[in-house]
Amino acid sequence: EADIYQTPRYLVIGTGKKITLECSQTMGHDKMYWYQQDPGMELHLIHYSYGVNSTEKGDLSSESTVSRIRTEHFPLTLESARPSHTSQYLCASSILYEQYFGPGTRLTVT
Amino acid sequence: QKEVEQNSGPLSVPEGAIASLNCTYSDRGSQSFFWYRQYSGKSPELIMSIYSNGDKEDGRFTAQLNKASQYVSLLIRDSQPSDSATYLCAVNDPPGGYQKVTFGTGTKLQVIP
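Residues numbered from 1 in each chain as written. Chains lettered and ligands numbered in written order. Predicted model: local features only at pLDDT ≥ 70, side-chain atom pairs only at ≥ 80, totals over all residues. Heavy atoms only, no water.

(A) Layout of the sheet that holds strand β1 (residues 4-7) of chain A. All names here are of chain A. On the basis of which strands lie adjacent, the open sheet formed by four strands has the order β1-β3-β8-β7 and antiparallel pairing. Two strands in the sheet have a free side with no partner beyond their single neighbour: β1 and β7 (65-66). Strand direction decides the pairing type here: β7 and strand β8 (residues 76-78), joined by two bridges, are antiparallel. For Val 66, the partnering residue across the bridge sits in β8 and is Leu 76. (Pairing = 2+ DSSP bridges. Helix = DSSP H or I, 4+ residues; strand = E, 2+ residues; numbered from the N terminus.)

(B) Just the nonpolar core, in detail. Residues and elements named next belong to chain B. Within the largest apolar cluster, 23 residues are counted, with the highest numbers of intra-cluster contacts made by Trp 35, Val 72, Leu 74, Ile 76 and Tyr 87. Put simply, the parts of the chain that give this core at least two residues each are β3 (19-25), β4 (33-38), β5 (45-50), β7 (61-66), β8 (71-76), β9 (85-92) and β11 (107-112). If we skip the residues at most four places from it in the chain, Tyr 87 touches Gln 6, Leu 21, Trp 35, Tyr 36, Arg 37, Ile 47, Leu 74, Ile 76, Gly 106, Thr 107 and Leu 109. (Core = buried A, V, L, I, M, F, W, Y, C linked by side-chain atoms within 4.5 Å. Buried < 20%, exposed > 50% of the residue type's maximum accessible area, 1.4 Å probe, protein only. Contact = heavy atoms within 4.5 Å.)

(C) Looking closely at the packing of aromatic side chains. In the structure shown here, the tally under the stated rule is nine aromatic pairs over all chains. Between Tyr 25 of chain B and Phe 33 of chain B, the ring centres sit 4.8 Å apart and the planes meet at 50°, which makes this aromatic pair tilted. As far as burial versus exposure is concerned, Tyr 25 of chain B and Phe 33 of chain B are alike and both buried. Ring centres of Phe 34 of chain B and Tyr 51 of chain B lie 6.0 Å apart, and the angle between their planes is 85°; this geometry places the pair in the edge-to-face category. Within this pair, whereas Phe 34 of chain B is found in strand β4, its partner Tyr 51 of chain B is found in the loop between β5 and β6 (54-58), the two being separated by 17 residues in sequence. Taken together, Tyr 33, Tyr 35 and Phe 101 of chain A together with Tyr 36 and Phe 103 of chain B form an aromatic cluster joined through their ring pairs. Here the guanidinium or amino end of Arg 68 of chain A rests over the ring plane of Phe 74 of chain A, the centre of that ring lying 5.9 Å away. (Phe/Tyr/Trp six-rings, centres within 6.5 Å; stacked < 30°, edge-to-face > 60°. Lys NZ or Arg CZ within 6 Å of the ring centre and 35° of its normal.)

(D) Structural view of the environment of Tyr 89 of chain A. Residues and elements named next belong to chain A. Along the chain, the position of Tyr 89 falls in strand β9 (residues 87-94). Through-space distance from the C-alpha of Tyr 89 to that of Ile 46 is 9.5 Å; in sequence the pair is 43 residues apart. For Tyr 89, the contacting residues outside a window of four places in its chain are Gln 6, Leu 21, Trp 34, Tyr 35, Gln 36, Ile 46, Leu 78, Gly 104, Thr 105 and Leu 107. Side-chain polar atoms of Tyr 89 contact the backbone oxygen of His 85, separated by 2.7 Å. (Polar contact = N/O pair within 3.5 Å; in protein donor to acceptor, adjacent residues only side chain to side chain.)

(E) Seen up close, the interface of chain B and chain A. Taken together, the 20 residues of chain B in the interface contact 22 residues of chain A. Carbon and sulfur atoms supply 54% of the area that chain B and chain A bury against each other, a total of about 1800 Å² over both sides. Inspection of the region where chain B meets chain A yields zero salt bridges. At the boundary of chain B and chain A, one finds five residue pairs in polar contact (both at pLDDT 80 or more). Secondary-structure elements contributing two or more residues to the side of chain B that touches chain A are β4, β5, β9 and β10 (101-103) of chain B. Per-element tally for the side of chain B that touches chain A: the top contributor is β4 of chain B, with three residues. When grouped by side-chain class, the residues that make up the side of chain B that touches chain A number nine nonpolar, eight polar and three charged. (Buried area = accessible area lost by both parts, 1.4 Å probe. Salt bridge = Lys/Arg side-chain N within 4 Å of Asp/Glu carboxyl O. Nonpolar A, V, L, I, M, F, W, Y, C, P; charged D, E, K, R; others polar.)

Here is the structure:
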């Protein structure tokens, strides 16, 4: 079973606040990903990383930023949250192409 | 045209029947194919990987790959109500680029007791 963790699991926050969603994995996977998914809708890749100090934007334009200072840690930051950021955020990791997902963070911006 | 296409469903099958989920992809350079199951409100879970033409069986699940037709399918035998979920097909991006996969939009399966 994959060991990938996300915190917080649920977050309700006001507009304009800065937030950081945490993602950690203990499998030593080089590759990590952030996806955004609205209920009943498709996955959208917003950021990915192939290793320490390597980050790329995904297919969906996002106002968030990421960093990869340690192999096991891939946090996502929103500098100023807006109601349009309300969504489920899923973190995943992989060695090759098989991706393993964390439990997700459900973000609500009021 | 989307790179990975799936019928959104819902696909309804009676309990005990075979559920057949289909996926087509556009890039002939793709070599790795995956099926994920996603329960409502949960994150996707990898259930099958297939890399070669033909069938791959794992318990009640069989993945089928036909690279000539650019087609991958998932068969679920003896469907159970607990199989009710959205099934996502994923295909690796072609070699030479970043090692990502592209997910389809998913097919919602409903198994009727």
